[in-house]
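Observations on chain architecture
Listed below, chain by chain, are the residues.
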Amino acid sequence: MPLAADSTQLRAAVAALDPVVARLCLVHLTGDRSQLTRFGPAFDGAQRGPQSTFAGPVATMKAADPAVVAEIRDLLVRAMSANPEPVLTRPGRALFRQMAEFCVGFPLGQTACDMAREQAGFSQDEGALEATRVPPEDFKVLVIGAGMVGINAGVKLKAAGFNYRIVERRSEVGGTWSINTYPNAAVDTPSVQYSYSFELNPSWTKYYPRGPEYLAYLKKVADRYGITERIDFNTAMKACAWNESRQIWRVTCERAGREEVYEANAVFIACGFLSRPSYPDLPGLGSFLGPVVHSAVWDDAVALEGKKVVVVGTGATAAQLATAAAARAGHLTIVQRQPNYMLPDPKVLQHVGADELWALENIPFVLQWTRFQSLSTLLTLPVSMARIDHEWRAQTGGVSAINDGVRQFCLGYIGAKFVDRPDLRAKVTPDFPFFAKRPILDCGYYDTLLRDNVDLVEGEPSACDQTGVTLKDGRRIECDVLILATGFILDFLTGFDVRGRGGQTLESSWRPYPFAYMGLEVPGFPNLFITSGPNSALTASHTTLGEQQTHYIVETLKTMVEEDLAAVEVKPEACQSYCARLYEELDQTIWVNHGTAHGYYRHATGRVVLGYPWTNLHYWQALRKPELSDYLVTSRSEAARIGQPTKAVAAAG
Ligand SMILES: Cc1cc2nc3c(=O)[nH]c(=O)nc-3n(C[C@H](O)[C@H](O)[C@H](O)COP(=O)(O)OP(=O)(O)OC[C@H]3O[C@@H](n4cnc5c(N)ncnc54)[C@H](O)[C@@H]3O)c2cc1C
């Protein structure tokens, strides 16, 4: 139903739009691509509105000619009023590239445009194999975990026609977002990009939604795609063992105290990497008379009102939690081992304005182009933000122009926030390179430090008694409630008994430290895919990474069906050569050359196990399709000779 031309809401919504987005939407609505070029350099895309911090704090935008912008807005209002159905819904590669380059205001490579088309939600699974075979019914895939990545796995396995089942140890989907219920738990990547590209959500109430809103989104996606019905809840995987003669995985789970065994041709691990809370080793902790609560095992019954509260930790969770606790506690002491870089975003606590929300919900393609803008640093970063530019270092002593630019931006922010508090300024200023540990979105934390009822104490707790905490330097802090925001044990899958070929355990393969080909596969473990695995993170939001990894796994499974394969296993030499390149590149980063930075990016051995050292664009490209020459493959006919045929492997449920 066309909207009335003078619709006040439409005019207000169009007025709230970034002019570049408005112009791109006009092209979609009218199909008139001359709109992209008709103003020449007076309006060539470099005139974007202000971006979120995470979309590039150092970029400076040109101001667009107000008369030109007014004309575009007027044309958009008229086009929407005439017919809100877009003429152009799926721009082809060439046109999309022209539009994308207009959107960023400078040339982009074709690969970046292909990734953008997919990741901004214009297309799905760019470069996917056109399958000629339907996956056989007896080819079963078992997914472990129904967090963000497990749900993603379900959606894509279903779309590709695979017979799959998901086991989830909790009673609901959502993983992190179901587990972490501490006050102020919130997403700290803009929601417009921390959401599935295949299920964009125009209706986020905030730019950085709180945990419950994010959890509701995940539940909705799981229901909408019919994933929930394929999940066995309250079912915890305990062990996985490869059966060589049948070329299948036997997965032992526990449900309601009973053992359940599943059999599957392939196992898709989506257990996450931040789910085992890390507790500090504090003698006397058991004697503390008040509540002791870890952020990841939050107890709403714990009252903070008027109490003396101690928060141990200053990571992303601690910053959110401390901000909430300070508003309720009589007095709050934050114990800081080391400061972190804080990134400000004026939108951090804001609700999405009514007009912007209306535009996102009603004007075709506002959502996709807004997402595209948010992703633009992923597309344009030539090298990882973590990479040291040696020439730059020789000249300046810094890391690289971009890394140092962001560092200066953060230091400037500290200076501006703590003008009259040199004591706090000194305490919160990191002395290590930016991104050597996880930077944090400032959700009001610095303002919290300025409150009269808050103290920031440098040190590390070493013991507890009935009524307080003692620090390593001997200082004692009395408190009624002790909150441990001390993070998680980054152990990947070492808590489970996973046995591959010849009974070899994953734990022993990963001694002294975990590694994986593409962050996903380990030699000796056929048809086992580990998402959020070693060295696969830190180049993009976790939804983006999860989608990229899921794509690769599904493409590998489709290839197995096409090629009639029973098993694929990465060759040891392919994995070694991949890891050698990875470690060589990591050596060039500030994750290895991290100065004084602590944090979970590194394993106990010192090996960097979290980060992928190249860019996200590089990872996306590497994960388009499996390189079969890197794999040992077993055909179904060979498998039949090895043992019994692979048919009729019955997944329970
Ligand atoms: C508090 C917090 C905030 C975060 N915020 C952001 C952010 O803003 N942006 C960002 O990019 N990243 C963020 N992350 C990191 C990452 O995005 C999330 O952890 C994300 O939820 C990971 O998704 P996942 O599906 O891989 O794992 P999870 O969400 O951890 O889900 C794993 C699921 O597997 C289940 N499971 C585990 N083991 C078993 C088993 N043996 N058997 C059966 N089920 C099992 C778990 O119960 C869980 O449901 C955050 C992490 C935390 C902890």
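What counts, and where the lines are drawn
Residues numbered from 1 in each chain as written. Predicted model: local features only at pLDDT ≥ 70, side-chain atom pairs only at ≥ 80, totals over all residues. Helix = DSSP H or I, 4+ residues; strand = E, 2+ residues; numbered from the N terminus. Buried ≥ 20, exposed ≤ 12 C-beta atoms within 10 Å, placed from the backbone. Contact = placed C-beta atoms within 7 Å. Pairing = 2+ DSSP bridges. Axes fitted to C-alpha atoms, helices over the stretch in contact; angles between N-to-C directions.

Let us look at the overall build of the protein chain. Helix and strand counts for the protein chain come out as 20 helices and 21 strands. Across its three principal directions, the C-alpha atoms of the protein chain cover 75 × 70 × 55 Å. Residue burial in the protein chain is summarised as follows: out of 653 residues, 49% are buried. Within the protein chain, counting contacts between residues at least 6 apart in sequence, those at least 24 apart form 75% of the total.

Attention shifts here to the sheet that holds strand β10 (residues 331–336). Read from one edge to the other, the open sheet built from five strands follows the order β8-β17-β9-β10-β13, with strand pairing classed as parallel. The open sheet has two edge strands with one neighbour each: β8 (292–294) and β13 (454–458). Sheet twist, expressed as the mean angle between neighbouring strand axes with direction ignored, is 20°. Examined bridge by bridge, β10 and β13 share five bridges and lie parallel to one another. Its bridge partner being in β13, I334 is matched across the sheet by L456. In the packing of helix α9 (residues 316–328) onto the sheet, the strands contacted are β9 (308–312), β10, β13 and β17 (481–484), and the crossing angle to β9 comes to about 175°.

So, on to unusual backbone geometry. Of note, the bond from R511 into P512 is cis; its omega dihedral lies within 30 degrees of zero at 5°. If you trace the backbone, P512 turns up in the loop between α16 (506–509) and β19 (528–530). You will see that N234, though not glycine, has its phi angle at about 55°, which is positive. Mapped onto the fold, N234 is located in the loop between β3 (231–232) and β4 (235–243). N234 sits in the partly exposed class, given 14 other C-beta atoms within 10 Å. Notably, L538 is not glycine yet its phi reads approximately 80°, a positive angle.

Bridge analysis of β4 against strand β5 (residues 248–255) gives eight bridges, and the strand direction is antiparallel. Bridge pairing in β5 links M237 to C253. Connecting β4 to the next strand, β5, in antiparallel fashion are four residues, including Q247 with a positive phi near 55°. Pairing geometry for β4 and strand β18 (residues 497–499), over three bridges, is parallel.

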